[in-house]
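# Overview (structure and organization)
Residue-level listing of the chains:
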Amino acid sequence: MNAYAPVLVLGALGAGFAIFSVVMATLIGPKRYNRAKLEAYECGIEPTPTPAGGGRFPIKYYLTAMLFIVFDIEIVFLYPWAVTFDALGLFGLVEMLLFVLTVFVAYAYVWRRGGLEWD
């Protein structure tokens, strides 16, 4: 349990700071509400009414999210590999090269298909 104490203390400090910030902003922040402040903010553009079903999102949003997840997972696998690189030896190096090559092939495919260009 002593090994996890610093992590728990850091988590408690982070949660405490977040809660403190929200509570203090609510208590001492300005409370001048008007119609413009209560509307949804859309990057300075006047909000447009949405259909009853909520509207449709372009497929680019989902492709971008999937790309983010793929590269996020790559980083999640690279950190433990880097820590245990000496213990894994040549086997670990070959396996990680195959993994990175697979991710690179996916990246090249998306790049070639225009998935990284935002219209």
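- The name given to the chain in an unreviewed UniProt entry is NADH-quinone oxidoreductase subunit A, and the organism recorded there is Streptomyces showdoensis.
- A UniProt comment under Sequence similarities (unreviewed entry) is attached to the chain, and it reads "Belongs to the complex I subunit 3 family."
- In UniProt, the chain has this text filed under Catalytic activity (unreviewed entry): "a quinone + NADH + 5 H(+)(in) = a quinol + NAD(+) + 4 H(+)(out)".

## Looking at the overall build of the chain
- Tallying secondary structure elements over the chain gives four helices and zero strands in all.
- Out of the 119 residues belonging to the chain, those deemed buried represent 8%.
- Put simply, the chain shows about 10,900 Å² of open surface, and 72% of that area lies on carbon and sulfur atoms.

## So, the UniProt feature "transmembrane region" (unreviewed entry) in the chain
- Mapped onto the present numbering, the UniProt feature "transmembrane region" (unreviewed entry) falls at residues 6-28, 61-82 and 88-110.
- Secondary structure over residues 6-28 splits into 100% helix and 0% strand, and the C-alpha atoms at its two ends are 32 Å apart.
- Secondary structure content for residues 61-82 is 100% helix and 0% strand, while the C-alpha to C-alpha distance between its ends is 32 Å.

## Observations concerning the side chain of Glu74
- With respect to the helices, strands and loops of the structure, Glu74 is situated in helix α3 (residues 59-83).
- Note on Glu74: relative accessible area 12%, which makes it buried.
- When residues no more than four places from it in sequence are discounted, the contact partners of Glu74 are Phe99, Val100 and Val103.

## Considering the packing of aromatic side chains
- Per the stated rule, a full pass over the model turns up five aromatic pairs.
- With a centroid separation of 5.5 Å and 85 degrees between ring planes, the pair formed by Phe77 and Phe99 is classed as edge-to-face. Pair noted here: Phe77 is in helix α3 and Phe99 is in helix α4 (residues 85-112), with a separation of 22 residues, a long-range link.
- Look at Phe77 and you get partly exposed, because its relative accessible area is 48%.
- A ring pair is formed by Trp81 and Phe85, whose centres lie 5.2 Å apart and whose planes are at 75 degrees; its orientation type is edge-to-face.
- Residue Phe85 is classed as partly exposed on the basis of its relative accessible area of 33%.
- Among the aromatic side chains, those forming a connected cluster through ring pairs are Phe71, Phe104, Tyr107 and Trp111.

## Observations concerning helix α1 (residues 5-28)
- With 24 residues, α1 extends 34 Å from end C-alpha to end C-alpha; this agrees with the ideal 34 Å at 1.5 Å per step.
- In terms of burial, α1 is a largely surface element, zero of the 24 residues being buried.

## Digging into α4
- An ideal rise of 1.5 Å per residue puts 40 Å on 28 residues; α4 reaches only 33 Å between its terminal C-alpha atoms.
- Largest kink in α4: about 75 degrees, centred on Phe91.
- All of the buried residues in α4 are Gly92, Met96, Val103 and Val110.
- Those residues of α4 that are buried lie in contact with α3.

## Here we look at the packing of α3 against α4
- The interhelical angle for the contact between α3 and α4, taken along N-to-C directions, is 170 degrees, at an axis separation of 10 Å. Compared by their axis directions, α3 and α4 come out roughly antiparallel. Considering only the axes of α3 and α4, their crossing is left-handed. Two secondary-structure elements touch here, α3 through Leu67, Val70, Phe71, Glu74, Phe77, Leu78, Trp81, Ala82 and Val83 and α4 through Phe85, Leu88, Gly92, Leu93, Met96, Phe99, Val100, Val103, Tyr107 and Val110.
- In terms of residue class, the contact of α3 with α4 is made up of 17 nonpolar, one polar and one charged.

What counts and how
Residues numbered from 1 in each chain as written. Predicted model: local features only at pLDDT ≥ 70, side-chain atom pairs only at ≥ 80, totals over all residues. Heavy atoms only, no water. UniProt positions renumbered as here; feature names shortened; annotations may be inferred. Helix = DSSP H or I, 4+ residues; strand = E, 2+ residues; numbered from the N terminus. Buried < 20%, exposed > 50% of the residue type's maximum accessible area, 1.4 Å probe, protein only. Areas by Shrake-Rupley, 256 points an atom, 1.4 Å probe, with all protein chains shown as cover. Contact = heavy atoms within 4.5 Å. Phe/Tyr/Trp six-rings, centres within 6.5 Å; stacked < 30°, edge-to-face > 60°. Expected span 1.5 Å × (residues − 1). Bend = angle between axes of the 7 residues up to and from the residue. Axes fitted to C-alpha atoms, helices over the stretch in contact; angles between N-to-C directions. Parallel < 35°, antiparallel > 145°, perpendicular 65-115°, else oblique. Left-handed = near helix turned anticlockwise from the far one by under 90°. Nonpolar A, V, L, I, M, F, W, Y, C, P; charged D, E, K, R; others polar.

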